[in-house]
Every structure is written in C-alpha cells, then in structure tokens.
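# Residue-level structural notes
Read off the chains here:
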Amino acid sequence: MTPGRVGMYCLIAAEAAMFTIFVVAYLFYAGKSLSGPTPADVLHLPIFATICLLSSSVTIHLAVQWWKRGSMSAFAGWWLATIVLGAIFLTGTALEWRGLIYDKGLTTQTNLFGTTYYALVGLHAFHVTVGLACLALVSALAFLGHVKPTHAARGDVLSLYWHFVDGVWIVVFMVVYVIAR
C-alpha cells in the first residue's frame, strides 16, 4: 500500500469520526425543537442532486481507469464529468438553502433542527467543495500537460476521498431526508 493511500485512509477515518458526531447530534436534536419549522415542514428529497453526486463516483472511477491506461483524453472527459456532477450537486444544495432561508425562514438561529441541519449538510457541502477544488486543480494541471499516466496512483488516492464524500452523502441523505422526517 502506498503512503498516499495510507494517508488518505487516515484522513477518511478522522473525517468519518467527525461526521459520526454531527450525524448523532442531528438525530438527537432534530426532533427536540420547541418551535417550528420541523424537517417534515420544510425538507424535500433532493433526488436529482443525489443522483448527480452518486453518479460522480462512477465518473471518477472511469476517469482513473482511463488515466491508468494512458488515455488522457478519455481521462479528461470523465474527470470533467465528475466536476460537473459535483457542481450540480452543490448548486442544488445552494438552491435548497436559499429556499429554506428566504421562503421557509429556517436559519441556524431558528431552532435546534435548523442549527444541526445546516451544520451537518454544510459540513458535507464543505467537503464536496474541497473535493471539487482538488479535482479542478488536477484538471488544470492536465490541461497544461503536467498530468501523465505515471501519476495515476495520485488520482486513485484522490478518488478515495471523492468516494468517501459520496458515501457520507448516502448517510446524510438517509438521516436528514428520510429517517428524521
């Protein structure tokens, strides 16, 4: 196992522990608000955004496979598709938050649900943003001709982070939008 993979697994373990704390806090406090709105009052299933984000795990996998094979044009196409799908997901989150804040009046100060919702979903959105920044950096380096097939192991390590972020979304989606409603 490469040092990069070991490092990424350590990062993922630490991040998983942090997300676990936020999920538990959400589950504990979401139903304890003394005033509305409640999750059932304001949340809708973000199906399209979820499909986009989960599909991006497939596209990054394909990108890394093409990278390993040395087909840099196929790599670039799938890598860009991953970025686009992640950006669509973040746009969906931003639109959801705009509607919750301006149309439903849900902010971090509204109630415990609002506080824990924005903390958990915001933490995930931050991780997607960091992942997109890393993906965009690799894409820019590839465009400049600095990404070679010999660097594919680095892309494989970055894809681990992206798969983790997608996996965390499955948990967040289930807890926030399905179970705790």
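Please refer to the structure higher up on the page.
Residues numbered from 1 in each chain as written. Predicted model: local features only at pLDDT ≥ 70, side-chain atom pairs only at ≥ 80, totals over all residues. Heavy atoms only, no water.

## Considering the environment of Trp-78
For Trp-78, the location among the structural elements is in helix H4 (residues 72-103). In sequence terms Trp-78 and Val-58 are 20 residues apart; their C-alpha atoms lie 9.0 Å from each other. (Helix = DSSP H or I, 4+ residues; strand = E, 2+ residues; numbered from the N terminus.)

## Overview of the pattern of salt bridges
All chains considered together, the criterion is met by two salt bridges. Arg-5 serves as the salt-bridge partner of Asp-156, at 2.8 Å between the closest nitrogen and oxygen. A residue pair is termed long-range when its members are at least 10 positions apart, and Asp-156 in helix H6 (residues 152-179) and Arg-5 in helix H1 (residues 3-29) qualify at 151 residues. Across the salt bridge formed by Asp-156 and Lys-68, the nearest N and O atoms sit 3.9 Å from each other. Of the two residues, Asp-156 sits in helix H6 while Lys-68 sits in helix H3 (residues 47-69), which places them 88 residues apart along the sequence. Given a relative accessible area of 44%, Lys-68 falls into the partly exposed group. Through salt bridges that share partners, Arg-5, Lys-68 and Asp-156 make up one connected network. (Salt bridge = Lys/Arg side-chain N within 4 Å of Asp/Glu carboxyl O. Buried < 20%, exposed > 50% of the residue type's maximum accessible area, 1.4 Å probe, protein only.)

## Side note on H3
Along its 23 residues, H3 runs 34 Å from first to last C-alpha, staying within 8% of the 33 Å computed at 1.5 Å per residue. Taken as a whole, H3 has its buried residues at Ala-49, Thr-50, Cys-52, Leu-53, Ser-56, Ser-57, Thr-59, Ile-60, Ala-63, Val-64 and Trp-67. Looking at the buried side of H3, the elements it contacts are H4, helix H5 (112-143) and H6. (Expected span 1.5 Å × (residues − 1). Contact = heavy atoms within 4.5 Å.)

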